[in-house]
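# What the coordinates show
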Amino acid sequence: MTPTLRLARWLGPWASSSSLPRQVVVSEANVSGPESTISVKVYRPEKVPIRGVYLVSQGLHFKGPDDPRMDRFCRVLSNAGFEVIAPRLPSYMTMRLQPAVNEEFKSVFLALEQLTTAKTRPALFSISFGALPVLRLASDPELSERISVVITFGGYVDWIAALYYTIRGKVETQNGMFERKPDPLNQPAIFMNILEGIDIPEEDARSVHEAWFAYLRRTWGNDECRERSVHQPIAEEVAAGLHEELRPLFLLGCGLGDQEEALRLCLDANSRRPDLGEALDVASYLSEVRAPVHLFHGLDDDVFPFTQMEMLKNAFPSTTEVRTYLTGLYGHTGSQAGPKGGLARELRTMLGMLHVLANAPDTPSA
């Protein structure tokens, strides 16, 4: 069975999202990071020859590669014949969008020779906010030639658009206004990262941040929690543990207040501390990317609107090879219920994406 077909078996719309390929060995390793040790999951195929290496960057999620959806993807990728290196990036594991994540990811890249058995140029794969450390690494002039391909899934170029999208459910584009119902569980993650721009004492900020973290642990990964009737009682229970004066801010961050007030608060915080948003900039570095780039995006992505894909493509210089794949079969965190653009078209797009995944890394030398 070819690598593309091995991927299709597990990633196609016919596959159960709870089933896992068994012929994959998963081990643990550690890498010295800029501020702390970085733990890494290493996936290796058990029954097929190793065809290359993937270095995967998680999105903003406290479970990182231990999230069942990301773990399954890494296992499926490995089952197709790849060593997959998936670090638990400390910054993103603590739900902080900080510049340190770029150095954390770079530290793992520089340690690949110790982590892999296949000595070859890796492909870089990112999920959501993982586009930041992946594109920053790929733009490093000292390292860019050591990367075979860059693939982003649900990436971004304008994080303020994500802010509007998360809070209002709509964002202005070149072709007008794009609207969809946002995932209400995403909003605390935005608020957790603008706290430094809100004028409250440091101890109070720490308390609210911890409360949002507790709320996310209880709601993320559970689709039922998207319903207000389910997540509101959880939020109110967590809020009861805060000082009374902090509860309105906490509930506002959970999407349980005036959303226009929530948006103003975030924009004011960004104006007060522009360095917070500047740390998320990817567009200023894209001219230095040398590897071919493939941008995957889901039509139903509820974190970054699919319009971000074309914006990201247009931010690269014309000399960079960039290809895009817009799909209705996959959303921001996994497979969707069905195709949105016609079965034949969706299957062609899916096979194109799987072909890229099956052939992106360089083949190891004999």
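For clarity, every value in this text was computed on a predicted model and none was experimentally measured. (Residues numbered from 1 in each chain as written. Predicted model: local features only at pLDDT ≥ 70, side-chain atom pairs only at ≥ 80, totals over all residues. Heavy atoms only, no water.)

### Some thoughts on helix α12 (residues 259-272)
The first and last C-alpha atoms of α12 sit 20 Å apart over 14 residues, in line with the 20 Å expected at 1.5 Å per residue. For α12, the complete set of buried residues consists of A262, L263, C266, A269 and N270. Buried residues along α12 cover an arc of 130 degrees about the axis, so they all sit on one side. Exposed side chains of α12 directed beyond 90 degrees from the buried face belong to S271 and R272. Summarising the contacts, the buried residues of α12 are in contact with α7 (159-168), α8 (187-192), α11 (247-253) and α13 (274-278). One side-chain oxygen at the N-terminal end of α12 lies 2.9 Å from the backbone nitrogen of E260; it belongs to D258. (Helix = DSSP H or I, 4+ residues; strand = E, 2+ residues; numbered from the N terminus. Expected span 1.5 Å × (residues − 1). Buried < 20%, exposed > 50% of the residue type's maximum accessible area, 1.4 Å probe, protein only. Arc of directions from axis to C-beta. Contact = heavy atoms within 4.5 Å. Polar contact = N/O pair within 3.5 Å; in protein donor to acceptor, adjacent residues only side chain to side chain.)

### What about the side chain of T219?
Mapped onto the elements of the fold, T219 is located in helix α9 (residues 202-219). Its relative accessible area of 0% is what places T219 among the buried residues. A polar atom in the side chain of T219 sits 2.9 Å from the backbone oxygen of Y215. Discounting residues that sit within four places of it in the chain, T219 has contacts with L185, C225 and I234.

### Points about the sheet that holds strand β3 (residues 52-57)
Reading across from one edge, β1-β2-β4-β3-β5-β6-β9-β10 is the order of the eight strands in this open sheet, with mixed pairing throughout. Every other strand in the sheet has two partners, leaving β1 (24-32) and β10 (322-327) as the edge strands with one partner each. Direction aside, neighbouring strands of the sheet carry axes that sit 20 degrees apart on average. Pairing between β3 and strand β5 (residues 123-127): four bridges, direction parallel. The partner of V56 across the bridge, within β5, is F125. (Pairing = 2+ DSSP bridges. Axes fitted to C-alpha atoms, helices over the stretch in contact; angles between N-to-C directions.)

### Thoughts on the pattern of salt bridges
Taken as a whole and judged by the stated rule, the model has 19 salt bridges. Between K106 and D140 there is a salt bridge whose closest N-O contact spans 3.2 Å. Within this pair, whereas K106 is found in helix α4 (residues 100-110), its partner D140 is found in the loop between α6 (131-138) and β6 (149-153), the two being separated by 34 residues in sequence. A residue is classified by how much of its surface remains accessible, and K106, at 23% relative accessible area, is partly exposed. Given a relative accessible area of 15%, D140 falls into the buried group. (Salt bridge = Lys/Arg side-chain N within 4 Å of Asp/Glu carboxyl O.)

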